[in-house]
Amino acid sequence: MEKKRCFTFCMILALSFVIISCSPTEPEEEKPDPVEEEYHITLTPGLVGITDLYLNISIDELPDSNEVNVFMNDSLVFSKNMDEKEETIFLDDLSRGLEYKFKGVISVENEIADSALLTITTLDETSAIENFTVYEFEADSFCSSHIFDIEILSENEIFIATSNKIARDSCDMRYGIMRWDGEKWDYDVIIARPGIYDEPWDNPLYFVEKFENGEIVAGNSGTLVEYKNGRWEELLVIHGNPNKIWHSDARELWGTSSDNLYMCGENGYITYFNGSDWSEEKIAGDNILKGITGTGDGKHMITFYTDFYGAATGIYHYHDSQWELVYDETLNLGKFYGRIEDVAGGKGKLFALTEHDYILRYYPDRKAFKYLGGNAYLGKAEALSVTEENDIYLCGYTRIFHFNGLTILEICELPGTTLIRIDSDENMIVVGGNSNGYPYPPVIAIGYK
């Protein structure tokens, strides 16, 4: 009996052992690893001056709790919990021509997530201005002057569309082209026909343009003239035909030749001239179309507008014989960079300048804008000229700037002036404006690269 009990007990124990041994062991529930977000910080230079500079800080993702520190030559110059992805800081009291090393660090939950390094050298004062020659004109000969457009033909031939009072105490205005021959300035008086308001004093020469085929056209909303054999010849008189009324005071012109011209102006109109006749198309309501440019083949153009108060703004793109709105604050057309100040073309590419001195490149095939660089704290540039994507010049107020593809540099300042127009090519830069003192004669600066 004892043996039987023992045998039964052993059988139960063995069976239990087999069951236990053969049963799969259930693994512990795997807990997913905590997701670690990657945060990246980037430092880029903004405007760099002689004794000051702007530094742009950006992070690609915005954590709820963060700490961003920026060091300049190992000294802390910025510390903040950033609530926006971009921040710009201004640093002054620097030394000219000196190299400054920056390090940016972003920490999340007291752990360093990323860091970035950047070196910036401030400008040397002499190298910033030594290549510019400034021409200031006699007040009695050039009173209440306005420079509307600049066109570089070569180092020895520059055309500038202007309006001037004939004398300080006279109400008579003369409109014409200032011409640089490499040594001196001459003035070609052009008798422009009345414009949209039928008053000659309301109708200065707003534009002068050289086309890729070598033709040169200047004009306004009453007259187009072409430069041939050293003289200006009338190309088109727009007014005078009672059966056709031009509804727009033209502001700027772009085209591929004298028989393929587009002009933009007031009341939202684009005016087209085919060499013998002109036509109009209203594309922007009652807004003012202020600038127009295009690609060399003429397949794509852009024009920009503002309303009467300079508040609303937008860009229209011309392709396949129609205009399409591609930039506007009120529509869902991508990121809005602010009011447009100017547009320009260069080497078949299209660019725009905004009120925050942001430089944008427009890709017509994708109908998209790419931010190239700029500085939200500057806000002083009003016009741009493009040679290459990394060779862009800006002007505004008293200053001239250069964008090299990464940094906007102040290269010249002309105190007591207002600079409003600029043109550049592979060899030179020409900037125009007027003196701030009565009777406001013109000021022109020529710089060589």
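Predicted model only: the values in this text are computed from it and were never measured.

Run through the overall build of the protein chain, naming residues and quoting values.
Looking only at helices and strands, one finds 2 helices and 35 strands in the protein chain. Evaluated residue by residue, the protein chain yields a buried proportion of 49% over its 449 residues. Taking the contacts inside the protein chain whose residues are at least 6 apart along the sequence as the reference set, 47% of them involve residues at least 24 apart. Total accessible area computed for the protein chain in this model is approximately 23,000 Å², and 47% of it derives from carbon and sulfur atoms.

Help me get a handle on the pairing of strand β35 (residues 442-448), residues and values and all.
Of all 7 residues in β35, 6 are buried, a share of seventy percent or more. Inspection of the sheet shows strand β34 (residues 428-435) paired to β35 by 7 bridges, in the antiparallel sense. Bridged to G432 within β35 is I444. If you look at the hairpin formed by β34 and β35, you'll find 6 residues sitting between the two strands, and Y440 has a positive phi there, around 60°.

Mind laying out the sheet that holds strand β26 (residues 349-354), listing which residues take part and the relevant values?
The sheet built from 4 strands is open, its strands ordered β25-β26-β27-β28 with antiparallel pairing. Each edge of the open sheet is held by one strand with a lone partner, namely β25 (340-346) and β28 (368-373). On average, each strand axis in the sheet is tilted by 30° relative to the strand beside it, whichever way the strands run. As paired elements, strand β27 (residues 359-363) and β28 share 5 bridges and run antiparallel to each other. Residue pairing for β28: R361 is matched across the bridge by K370.

Go over the confidence of the model for the protein chain with me, naming the residues and quoting the values.
Summary statistics for the protein chain give a mean pLDDT of 81 and a share of 79% for residues scoring 70 or more. When pLDDT is averaged over each helix and strand of the protein chain, the minimum, 42, is found for helix α1 (residues 2-22) and the maximum, 96, for strand β3 (residues 67-72). Low pLDDT (under 50) marks residues 1-27, which in the prediction has 0 contacts with non-local residues, meaning those over four places away or in another chain. Contacts from residues 31-35, a stretch scored under 50 in pLDDT, to residues over four places away or in other chains number 0 contacts.

Lay out the layout of surface pockets with the relevant residues and their values.
Considered as a void within the structure, the largest pocket measures approximately 970 Å³ in volume. In this structure, the largest pocket is lined by 38 residues; those nearest its centre are E151, E209, K210, G345 and D423. Those elements that place two or more of their residues in the lining of the largest pocket are β9 (143-154), β13 (207-210), β17 (250-257), β21 (288-294), β25, β29 (383-388) and β33 (417-424).

Describe the sheet that holds β35, listing the residues and the values that go with them.
Read from one edge to the other, the open sheet built from 4 strands follows the order β8-β35-β34-β33, with strand pairing classed as antiparallel. Unpaired on one side and paired on the other, β8 (132-136) and β33 mark the two borders of the sheet. Recorded for the sheet is a direction-independent mean angle of 20° between the axes of neighbouring strands.

Describe the side chain of H300, listing the residues and the values that go with them.
Locating H300 in the fold gives a position in the loop between β21 and β22 (301-306). On the accessibility criterion, H300 (17% relative accessible area) is buried. A distance of 2.9 Å separates a polar atom in the side chain of H300 from a polar atom in the side chain of H317. Among residues more than four places away in sequence, those in contact with H300 are G294, T295, H317, Y318, H319, L350, P364 and D365.

Residue-level account of the packing of aromatic side chains, with values.
Taken as a whole, this structure holds 18 aromatic pairs when the rule is applied. With a centroid separation of 5.6 Å and 55° between ring planes, the pair formed by F159 and W232 is classed as tilted. Of this pair, F159 sits in strand β10 (residues 157-165) while W232 sits in strand β16 (residues 231-237), and the two are 73 residues apart along the sequence. Like F159, the residue W232 is buried in the burial classification.

Please provide a residue-by-residue account of the pairing of strand β23 (residues 313-319), values included.
When you tally the buried positions in β23, you get 7 out of 7 residues, the bulk of the element. Neither face of β23 is exposed, since T313, I315, H317 and H319 on one face and G314, Y316 and Y318 on the opposite face are all buried. Note that β22 and β23 share 6 bridges and pair antiparallel. What sits directly across from T306, in β23, is T313. Counting the residues that bridge the hairpin from β22 to β23 gives 6 residues, and of these G310 lies at a positive phi of roughly 75°. Bridge count between β23 and strand β24 (residues 322-328): 6 bridges; the pairing is antiparallel. When the bridges of β24 are listed, H319 appears paired with Q322. Between β23 and β24, which pair antiparallel one after the other, the connecting turn spans 2 residues, and D320 there sits at a positive phi close to 50°.

Provide a residue-level description of the environment of D188, including the pertinent values.
Tracing the backbone through its elements, the reader meets D188 in strand β12 (residues 185-189). Residue classification places D188 among the buried positions, given a relative accessible area of 16%. As for D188 and M178, which are separated by 10 residues in sequence, their C-alpha atoms are 6.4 Å apart. In this view, D188 contacts Y175, G176, I177, R179 and W232; residues no more than four positions away in its chain are not counted. Within the structure, D188 has its side chain in polar contact with the side chain of R179 (distance 2.5 Å). Separated by 3.2 Å, the side chains of D188 and W232 make a polar contact.

How would you sum up the nonpolar core? Please name residues and give values.
Among the nonpolar cores identified, the biggest contains 39 residues, and L43, L53, L55, I57, F102, I400 and I422 are the most heavily contacted of them. In contact with I57, not counting residues within four places along its chain, are I41, T42, L43, V68, V70, F78, M82, K85, E86, E87 and I89.

I'd love a proper account of the pattern of salt bridges, names of residues and values included.
Any two side chains of opposite charge can pair, so long as their charged atoms come close to each other. As enumerated under the stated definition, the model contains 17 salt bridges in all. Of the charged contacts in the structure, one is a salt bridge between E226 and K228, with a shortest N-O distance of 3.8 Å. Of the charged contacts, one joins R361 and E389 as a salt bridge, the two residues approaching to 2.9 Å between their closest N and O atoms. With R361 in strand β27 and E389 in the loop between β29 and β30 (391-396), the pair connects residues that are 28 residues apart, well separated along the chain. Looking at R361, the relative accessible area reads 16%, which means it is buried. Several salt bridges converge on common partners, so that one network encompasses R339, E341 and E355.

Parameters and conventions
Residues numbered from 1 in each chain as written. Predicted model: local features only at pLDDT ≥ 70, side-chain atom pairs only at ≥ 80, totals over all residues. Heavy atoms only, no water. Helix = DSSP H or I, 4+ residues; strand = E, 2+ residues; numbered from the N terminus. Buried < 20%, exposed > 50% of the residue type's maximum accessible area, 1.4 Å probe, protein only. Contact = heavy atoms within 4.5 Å. Areas by Shrake-Rupley, 256 points an atom, 1.4 Å probe, with all protein chains shown as cover. Pairing = 2+ DSSP bridges. Axes fitted to C-alpha atoms, helices over the stretch in contact; angles between N-to-C directions. pLDDT = per-residue confidence, 0-100. 1 Å grid on protein atoms, 1.4 Å probe; cavity = no way out; pocket = protein on both sides within 12 Å on 5 of 7 lines; lining within 4 Å. Points joined across faces, edges and corners; volume = space filled by probe spheres on them. Polar contact = N/O pair within 3.5 Å; in protein donor to acceptor, adjacent residues only side chain to side chain. Phe/Tyr/Trp six-rings, centres within 6.5 Å; stacked < 30°, edge-to-face > 60°. Core = buried A, V, L, I, M, F, W, Y, C linked by side-chain atoms within 4.5 Å. Salt bridge = Lys/Arg side-chain N within 4 Å of Asp/Glu carboxyl O.

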